[in-house]
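Survey of secondary and tertiary structure
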Amino acid sequence: MTKTNGVILQYFEWYLPNHPHLWKLLKQDAKHLADIGITAVWIPPAYKGAAGNQDVGYGVYDLYDLGEFPQKGSIETKYGTKEELLDAINALHMYDIDVYADIVFDHKMGADATEQILAVSVDPRDREEITSNEETIEAWTKFTFPGRNGKYSDYIWNWDDFDGIDYDQATKENRIFRFYGKDWDQQVDGEYQNYDYLMGADIDFQNPDVIQELNRWGSWFVDTTKIDGFRMDAVKHIHFGFYKNWLEKLRKDTGKELFSVGEYWSGDINKLIHYMQVDDYMMSLFDVPLHYHFYDASRSNGHYDMSKLLDGTLVSYDEFKAVTFVDNHDTQIGQSLESWVLDWFKPMAYAIILLRQQGYPCIFYGDYYGIPHNQISGLRDTLDILLYLRKNLAYGIQHDYFDDPHVVGFTRSGDAKHTGGLAVLLSDQMGGQKKMCIDTSYAHVCYRDCLHPEKDSVILDENGCGNFLVDSGSLSIYIPDTDGFFDKTPV
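The following refers to the structure shown. In this text the structure is predicted, and so the values were computed from the model without any measurement.

1. Quick look at the sheet that holds strand E15 (residues 284-286)
In a beta sheet, neighbouring strands are held together by backbone hydrogen bonds and run either parallel or antiparallel to one another. Here we have eight strands rolled up into a closed barrel, ordered E1-E2-E5-E13-E14-E15-E16-E17, and parallel in their pairing. Adjacent strand axes in the sheet meet at a mean angle of 25° when their direction is disregarded. Judged from the four bridges that link them, strand E13 (residues 229-232) and strand E14 (residues 259-262) form a sheet pairing that is parallel. When the sheet's bridge partners are listed, Gly-229 is paired in E14 with Phe-259.

Here it is, written out as structure tokens:
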């Protein structure tokens, strides 16, 4: 079970420098993360990529090399050595912070040798449409891992472990090739008629040897690192049902819950629901539709209908299987899925995911610590306040007031251990006021806006209701005037 009012922090962004190593920084940061209310950390791919210590981690080369072997030009990964990784995980566990590891199974890159393979090319816009006769290509599909020399696993990957590739070494041509005698997995996303192929050497999830090796690696990885769960990359490109079987076996073998969240990148809620149903709700999914609502609202110049902000989102469909987020390493500026939520709206988006009852929120490293590559300073001060509120006040019954196109809000009533509650008001255009109720037990209690403490306070009436104000294009959060927040800066 995830922790009450738990929060994930995605502890990386795309343009992180190689030095100092991220694993060292994470170890040093462990106590601070616990203090501010982070209960789980999502770490980047921890194994060797094709570009060695320059690889962000998604160009997967050797799953067993956690920064231990001289391969691809370095011993360490971009984030450090195996010893530094294990030290960071141990430090997080000391502060009761779970660790979710990023898992990339869709493809492999940086093979050690080529093989002669009979193949056909396919239309990139329709992967079921063959566009060439059978031809022999020279493909990078032989993975021998000479630097590791069989340690942990002696499995050698060859062309039969893959369905296709996008490069012919002999002709130096970039095309999508499907290997002769192979078929794309059919139970995948339907974009381009079949979206099995994404990049690199596409792993064949119908090959029993591949399944066995990935099962073996999963047990080794959990035993070696002591991680607590996974973030699954690119699940819409992998045979639906694979992760159901993989997680089922791994949870049984390790005896661990292994919370898992999949990245199914689609703004279509029906596709996410279909995947969850096929996968027997074995994992959570990122709420991509909600992210796009935030993105659209931030760029609508005040013409977004805020009353529909949560419509068609995963968190509205299944609050227990939705991991909510504002931005991530793929949506940040310059990346393949760039859809950056503008800074003026970002506090409102984070208030939605951090202070509401539904969903498991994930904060982005770049939003907290900034992204120097793009001269983005981050929202650490604001996020520290929201984390304080989630940790101390965002409990109890929730009352929604999504009843206006431009001024919406909600309240939380608190519970026996966390009294006081709060009232949240958001506006994307002209500000205004809204009468909202917290709880009758707080009749005549004075509430102040913790983001704008200089503003007039609100005294609740005998029914525990008040007229709360918000400025134009702004966020206001009212909490009891007696809360310790006003006496000190949140840790």
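Here the narrative resumes.
2. A look at the nonpolar core
Within the largest apolar cluster, 139 residues are counted, with the highest numbers of intra-cluster contacts made by Phe-105, Phe-230, Tyr-243, Trp-246 and Leu-389. The greatest single-element share of this core, amounting to eight residues, is contributed by helix H8 (residues 346-355). In this structure, Tyr-243 is in contact with Ile-103, Phe-105, Met-232, Val-235, Ile-238, Glu-248, Tyr-275, Asp-279, Met-282 and Met-283, ignoring residues within four places of it in sequence. Residues Ala-423, Leu-425, Met-436 and Tyr-442 belong to the second largest nonpolar core, which totals 13 residues.

3. Structural notes on the pattern of salt bridges
Going through the model one piece at a time under the given rule, you end up with 26 salt bridges. Residues Lys-48 and Asp-65 are paired through a salt bridge, measuring 2.8 Å at the closest nitrogen-oxygen approach. Residue Lys-48 is located in strand E3 (residues 48-49), and its partner Asp-65 is located in the loop between strand E4 (60-62) and helix H2 (82-94); the two are separated by 17 residues in the primary sequence. On the basis of relative accessibility, which here comes to 0%, the residue Asp-65 falls in the buried class. Where Arg-231 meets Asp-102, a salt bridge forms, and the shortest distance between an N and an O atom there is 3.1 Å. Of this pair, Arg-231 sits in strand E13 while Asp-102 sits in strand E5 (residues 98-103), and the two are 129 residues apart along the sequence. Exposure remark for Arg-231: the relative accessible area of 1% places this residue in the buried category. Of the residues examined, Asp-102 reaches a relative accessible area of 1% and is grouped as buried. By sharing partners, the salt bridges in this structure join Asp-102, Arg-231, Asp-233 and Glu-263 into a single network.

4. Regarding the packing of aromatic side chains
Following the criterion strictly, the structure yields 44 aromatic pairs and no others. Over the ring of Phe-410 we find Arg-356; its NZ or CZ atom is 5.0 Å from the centre of that ring.

5. Things to note about the packing of helix H1 (residues 22-36) against H2
Look at H1 against H2: their axes get within 8 Å of each other, and the N-to-C directions meet at 5°. The angle between the axes of H1 and H2 places the two elements in the roughly parallel class. Contact residues: H1 offers Trp-23, Lys-24, Leu-26, Lys-27, Ala-30 and Leu-33, while H2 offers Glu-84, Leu-85, Asp-87, Ala-88, Ala-91 and Leu-92. Along the lines of polarity and charge, the residues of the contact of H1 with H2 split into eight nonpolar, no polar and four charged.

6. Regarding the state of the cysteines
A covalent bond between the sulfur atoms of two cysteines is referred to as a disulfide. A full pass over the atoms with the stated rule returns one disulfide. Covalent S-S linkage joins Cys-437 and Cys-465, the inter-sulfur distance amounting to 1.8 Å. Looking down the S-S bond of the Cys-437 and Cys-465 bridge, the torsion is 95°, so its handedness is right-handed. Highlighted residues: Cys-437 in strand E21 (residues 432-437) and Cys-465 in strand E24 (residues 465-470), separated in sequence by 28 residues. Of the cysteine sulfurs around Cys-446, a residue in no disulfide, the closest is that of Cys-450, at 13 Å.

7. Some details on the sheet that holds strand E25 (residues 475-480)
Within the open sheet, the six strands sit side by side as E18-E19-E20-E25-E22-E23. Their pairing is antiparallel. Every interior strand has two partners, whereas the edge strands, strand E18 (398-401) and strand E23 (458-459), have only one. Bridge analysis of strand E22 (residues 446-449) against E23 gives two bridges, and the strand direction is antiparallel. Opposite Cys-446, over in E23, you have Ile-459 as the bridge partner. Against the sheet, H8 touches strand E19 (407-412), strand E20 (422-427) and E25, its axis set at about 145° to E20.

8. What to know about the side chain of Thr-411
Mapped onto the elements of the fold, Thr-411 is located in strand E19. Accessibility expressed as a relative area gives 0% for Thr-411, which makes it buried. Within the structure, Thr-411 has its side chain in polar contact with the backbone oxygen of Cys-437 (distance 2.7 Å).

9. Topic: the environment of Thr-313
Tracing the sequence through the fold places Thr-313 in the loop between helix H6 (288-298) and helix H7 (314-317). On a C-alpha basis, the gap between Thr-313 and Gln-54 in space is 36 Å, while along the polypeptide they are 259 residues apart. When sequence neighbours within four positions are dropped, the list of residues in contact with Thr-313 reads Ile-269, Asp-287, Pro-289, Leu-290 and His-293.

10. Brief notes about the environment of Asp-98
By the secondary structure assignment, Asp-98 is in strand E5. Put simply, Asp-98 and Ile-227 are 129 residues apart on the chain and 7.3 Å apart in space, counted from C-alpha to C-alpha. Not counting residues within four places of it along the chain, the set of residues in contact with Asp-98 comprises Lys-3, Thr-39, Ala-40, Val-41 and Asp-228. Of note is the side chain of Asp-98, whose polar atom sits 3.0 Å from the side chain of Lys-3.

11. Here's the deal with the pairing of E22
Two faces make up the sheet, and in a regular strand the side chains alternate between them. Burial of E22 is one-sided: the residues Tyr-447 and Asp-449 facing one way are buried, the residues Cys-446 and Arg-448 facing the other way are not. Here three bridges tie E22 to E25, and the two strands are oriented antiparallel to one another. Each residue of the ladder has a partner; that of Tyr-447, found in E25, is Pro-480.

12. Considering the side chain of Asp-327
Its place among the elements puts Asp-327 in the loop between strand E16 (322-325) and H8. By relative accessible area, Asp-327 is classed as buried at 1%. A distance of 2.6 Å separates a polar atom in the side chain of Asp-327 from a polar atom in the side chain of Thr-331. Within the local environment of Asp-327, its side chain forms a polar contact with the backbone nitrogen of Val-341, the two atoms lying 3.0 Å apart. If we skip the residues at most four places from it in the chain, Asp-327 touches Gln-10, His-291, Ser-339, Trp-340, Val-341, Lys-346, Phe-364 and Asp-367.

Calculation notes
- Residues numbered from 1 in each chain as written.
- Predicted model: local features only at pLDDT ≥ 70, side-chain atom pairs only at ≥ 80, totals over all residues.
- Heavy atoms only, no water.
- Pairing = 2+ DSSP bridges.
- Helix = DSSP H or I, 4+ residues; strand = E, 2+ residues; numbered from the N terminus.
- Axes fitted to C-alpha atoms, helices over the stretch in contact; angles between N-to-C directions.
- Core = buried A, V, L, I, M, F, W, Y, C linked by side-chain atoms within 4.5 Å.
- Buried < 20%, exposed > 50% of the residue type's maximum accessible area, 1.4 Å probe, protein only.
- Contact = heavy atoms within 4.5 Å.
- Salt bridge = Lys/Arg side-chain N within 4 Å of Asp/Glu carboxyl O.
- Phe/Tyr/Trp six-rings, centres within 6.5 Å; stacked < 30°, edge-to-face > 60°.
- Lys NZ or Arg CZ within 6 Å of the ring centre and 35° of its normal.
- Parallel < 35°, antiparallel > 145°, perpendicular 65-115°, else oblique.
- Nonpolar A, V, L, I, M, F, W, Y, C, P; charged D, E, K, R; others polar.
- Disulfide = S-S within 2.5 Å.
- Polar contact = N/O pair within 3.5 Å; in protein donor to acceptor, adjacent residues only side chain to side chain.

So far we have only geometry, and geometry alone does not tell us how the molecule works.
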